[in-house]
Amino acid sequence: MNEQLDISTEQVDDIALLLSQLERMQVAQCFDQKFKPHGNWQGLSMGKTACVWLTHILSMSDHRMNQVEDWSRNRLKTLQACLKEPVRPGDFTDDRLTILLRALSRDESWDDFESCLNHGLLRIYDLSVKRVRLDSTTISSYAGVTEEGLFQFGHSKDKRPDLPQVKVMLSCLDPLGLPLGIEVLSGQSADDPLYVPAVERARRSLKQRGVLYIGDSKMASFNTRSFITDGDDFYLCPLPLVQYKLTLEAYLMPVWNDHQPLQKILRSQDGMDVHIAEGYEVEGGHLIGHTANAVAGERCLVIRSLKLAQGAQERLDKQVKRLQDKLSALNERKQGRKRYTLAEMQARAGRLLKASSVADLFQVDYDDQTQKRSVKGYRGKPNRVEEVPDVTISVKIDKVAYEEAVRYLGWRLYVTNAPREMLSMEQAVLAYREEYLIERSFRQLKNKPLSIKPMYLQTDAHIKGLLRLLSIALKTLVLLEQSVRQTLRENQQAIQGLYAGNPKRATTTPTASQVLGAFKQIYLTIIYQQQQTIYHLTALTDLQQQILGLIGLQETIYTGIPEKLKVEKN
């Protein structure tokens, strides 16, 4: 018999893993509790629709709404088996996803959802809360600027001041980097006033006090520090240079005079203790010249970072050489080049000195002379001798001023209200050094796998909703990564096969992108015959089985897909 077969294939890959992870996080459950759809909403609930969109974003590194419907149409059976209910492409049209974004943009509903989700995650994953890190970033776009819109011109952290931007304030749980709260603000917003609302948002989710909040120098305003203290929490941040520039010498003079010993600060690196910084704590914990702006019980730490000092000196030396070369170039004599008078030479050198931040490190002298030059006559005019200016500039580095500048490099003042038994000086420095954790979250948000750049949306409500949706995706990545790393650590294991071209290379700290990247080439094949339908799924590799075990998920989230579809059909 020549029976006609109808065969179709769906690419499963990491879909089952991501939907199972989102189910464990109870995203859909919290979503449906806090966001109520319009009465005409049909099909998948808003929560499950959001989970499918999040799966598309994490799997495809694409946040565009117009890609989800076609993507889901090619994976309907897979989605149906994973969600355990019928799925249709119409569940993921642009219109429905737009409704999701508008719902997410409602501040009150989002606050309730965020608190519900965070509270559940802390319980499900048994996460201890001791430190929260705060920081902001900007996201540039080619969108147009409107008077009241989110996209505005401002100080760009993307180094694109020519583009309008939106500002994002993020609070993350240390040391995981798990996002607790996200604020979406207009691009010209100053950073300083953003910390108090961010702390308030974190407190609503954590529902506990005694937490250490860590931020950069923009968190050091007196109002922010007082607000954290009044709420029975703690803070750690460096002071901005403008607050102590004039009095820094008072802190360092005892060090230079050998009256104040410095404590070495070490960090374990590759099994060795590396000297990374040194410093001391100011007696009495008050700020010299700023006692009126000191918080009660505040400690002041005077710290010199060796790496910061080395890098600053390298930059200083480059600036010095650059200015020295530019000034010396004024003495060059070339054919057709005008010779400067003393006033012209001083004016040109003055402009170079004014534009440089290291002008105070130079001694500049001018030698004003004239030179006789023979000029051959022409057209009947006699030969003649004329005097031309011969002004030269001599540039010399002021060694005393240079050494004085170098002595200040690498020094910073940190303030904290945490008691010594909770946060020693060494612990404070090491805690602040982990700033890269939140920076990594920003990189994941802007680049792959979340790929917010470039942002294709222009409506403020849609922009706010999308960034909030991506904060859920960021939570998913962090928790997925944490589950794998924690199990490896507890079992004292390493995992192989995650590095392309080097399958035997092992790691104890795989990234979420590596984990998801391992779930490729998994296909669901559907064979339609006259009397029956056959479902076949690609067998899981040993690596894929190992990863599922590390995450704590059953292999049946994949192997059970054919059976679920067969039962549903019957």
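Just so it is clear, the structure is predicted and the values come from calculations on it, not from any experiment. (Residues numbered from 1 in each chain as written. Predicted model: local features only at pLDDT ≥ 70, side-chain atom pairs only at ≥ 80, totals over all residues. Heavy atoms only, no water.)

1. Re the overall build of the protein chain
Link 1 in the chain: On a plain count of helices and strands, the protein chain comes out with 21 helices and 16 strands.
Link 2 in the chain: The globule rule puts the C-alpha radius of gyration for 570 residues at 25 Å, and the 32 Å found for the protein chain is more than 25% above it.
Link 3 in the chain: Taken along the three principal axes of its C-alpha coordinates, the protein chain extends 115 × 80 × 55 Å.
Link 4 in the chain: A buried classification covers 49% of the 570 residues belonging to the protein chain.
Link 5 in the chain: Approximately 29,100 Å² of the protein chain is accessible, and the part contributed by carbon and sulfur atoms is 48%.
Link 6 in the chain: Computing the positive centroid from 75 side-chain charges and the negative centroid from 69, the protein chain places the two 6 Å apart. (Helix = DSSP H or I, 4+ residues; strand = E, 2+ residues; numbered from the N terminus. Rg over C-alpha atoms; globule rule 2.2 N^0.38 Å. Buried < 20%, exposed > 50% of the residue type's maximum accessible area, 1.4 Å probe, protein only. Areas by Shrake-Rupley, 256 points an atom, 1.4 Å probe, with all protein chains shown as cover. Lys, Arg positive; Asp, Glu negative; His and termini not counted. Charge placed at Lys NZ, Arg CZ, Asp CG, Glu CD.)

2. Details of the sheet that holds strand β1 (residues 6-11)
Link 1 in the chain: With antiparallel pairing, 3 strands are arranged side by side in an open sheet as β1-β15-β16. Whereas interior strands pair on both sides, the edge strands pair on one side only; in this sheet they are β1 and β16 (533-537). In this sheet, neighbouring strand axes are inclined to one another by 15° on average, regardless of whether the strands run parallel or antiparallel.
Link 2 in the chain: Two elements, β1 and strand β15 (residues 523-528), share 6 bridges in a ladder whose sense is antiparallel. (Pairing = 2+ DSSP bridges. Axes fitted to C-alpha atoms, helices over the stretch in contact; angles between N-to-C directions.)

3. Overview of the packing of helix α11 (residues 248-256) against helix α14 (residues 399-408)
Link 1 in the chain: Packing of α11 against α14 leaves a shortest axis separation of 11 Å and a crossing angle of 95°. What the angle tells us is that α11 and α14 run roughly perpendicular. In this structure, α11 uses L248, E249, L252 and W256 to contact α14, whose residues at the interface are E404, R407 and Y408.
Link 2 in the chain: Within the contact of α11 with α14, the residues separate by chemical class into 4 nonpolar, no polar and 3 charged. (Parallel < 35°, antiparallel > 145°, perpendicular 65-115°, else oblique. Contact = heavy atoms within 4.5 Å. Nonpolar A, V, L, I, M, F, W, Y, C, P; charged D, E, K, R; others polar.)

4. Some words on the side chain of S140
Link 1 in the chain: Mapped onto the elements, S140 comes out in strand β2 (residues 131-140).
Link 2 in the chain: A relative accessible area of 9% means that S140 is categorised as buried.
Link 3 in the chain: For S140, the residues in contact, after removing those within four places along its chain, are S156, D158, R160, L163, P164 and Q165.

5. What about the pairing of strand β8 (residues 272-281)?
Link 1 in the chain: Here 7 bridges tie strand β7 (residues 263-269) to β8, and the two strands are oriented antiparallel to one another. Within β8, the residue paired with R267 across the bridge is V274.
Link 2 in the chain: Of the strand pairs in this sheet, β8 and strand β9 (residues 299-305) are connected by 5 bridges, and their pairing is antiparallel. Each residue of the ladder has a partner; that of E281, found in β9, is L301.

6. Section: the confidence of the model for the protein chain
Link 1 in the chain: Summary statistics for the protein chain give a mean pLDDT of 89 and a share of 95% for residues scoring 70 or more.
Link 2 in the chain: Element-level mean pLDDT values for the protein chain span from 73 in helix α10 (residues 241-244) up to 97 in helix α1 (residues 15-24). (pLDDT = per-residue confidence, 0-100.)

7. Describing helix α8 (residues 195-206)
Link 1 in the chain: Counted at 1.5 Å a residue, the expected span for α8 with its 12 residues is 16 Å, and the 16 Å between its end C-alpha atoms agrees.
Link 2 in the chain: Where α8 is concerned, the buried positions are Y195, A198, V199, R201, A202, R203, S205 and L206.
Link 3 in the chain: Where α8 is buried, its residues meet α7 (107-124), β2, β3 (165-174), β4 (178-186), β5 (212-214) and α9 (222-230).
Link 4 in the chain: Immediately downstream of α8, the backbone of K207 shows phi near 55°, a positive value. (Expected span 1.5 Å × (residues − 1).)

8. Describing the sheet that holds strand β12 (residues 411-416)
Backbone hydrogen bonds are what pair the strands of a sheet, in a parallel or an antiparallel way.
Link 1 in the chain: A sheet is described by the order of its strands in space; here 9 strands give the open sequence β4-β3-β2-β5-β6-β12-β9-β8-β7, paired in mixed fashion. Each of the sheet's edge strands pairs with one partner strand only, and the pair in question is β4 and β7. Strand-to-strand twist in this sheet, taken as the mean axis angle between neighbours without regard to direction, amounts to 25°.
Link 2 in the chain: Strand direction decides the pairing type here: β3 and β4, joined by 8 bridges, are antiparallel. When the sheet's bridge partners are listed, M169 is paired in β4 with E183.
Link 3 in the chain: In the packing of helix α15 (residues 425-433) onto the sheet, the strands contacted are β2, β5, β6 (234-238), β7, β8, β9 and β12, and the crossing angle to β7 comes to about 50°.

9. Side note on the packing of aromatic side chains
Link 1 in the chain: Applying the stated rule across the entire model yields 7 aromatic pairs.
Link 2 in the chain: Relative to F35, the ring of F31 lies with its centre 4.5 Å away and its plane at 35°, an arrangement referred to as tilted. We note that F31, like F35, is buried.
Link 3 in the chain: Arranged with centres 5.6 Å apart and planes meeting at 50°, the rings of F35 and F113 form a pair that is tilted. Taken together, the positions of F35 in the loop between α2 (27-34) and α3 (46-60) and F113 in helix α7 put the pair 78 residues apart, joining distant regions of the chain. Like F113, F35 is buried. (Phe/Tyr/Trp six-rings, centres within 6.5 Å; stacked < 30°, edge-to-face > 60°.)

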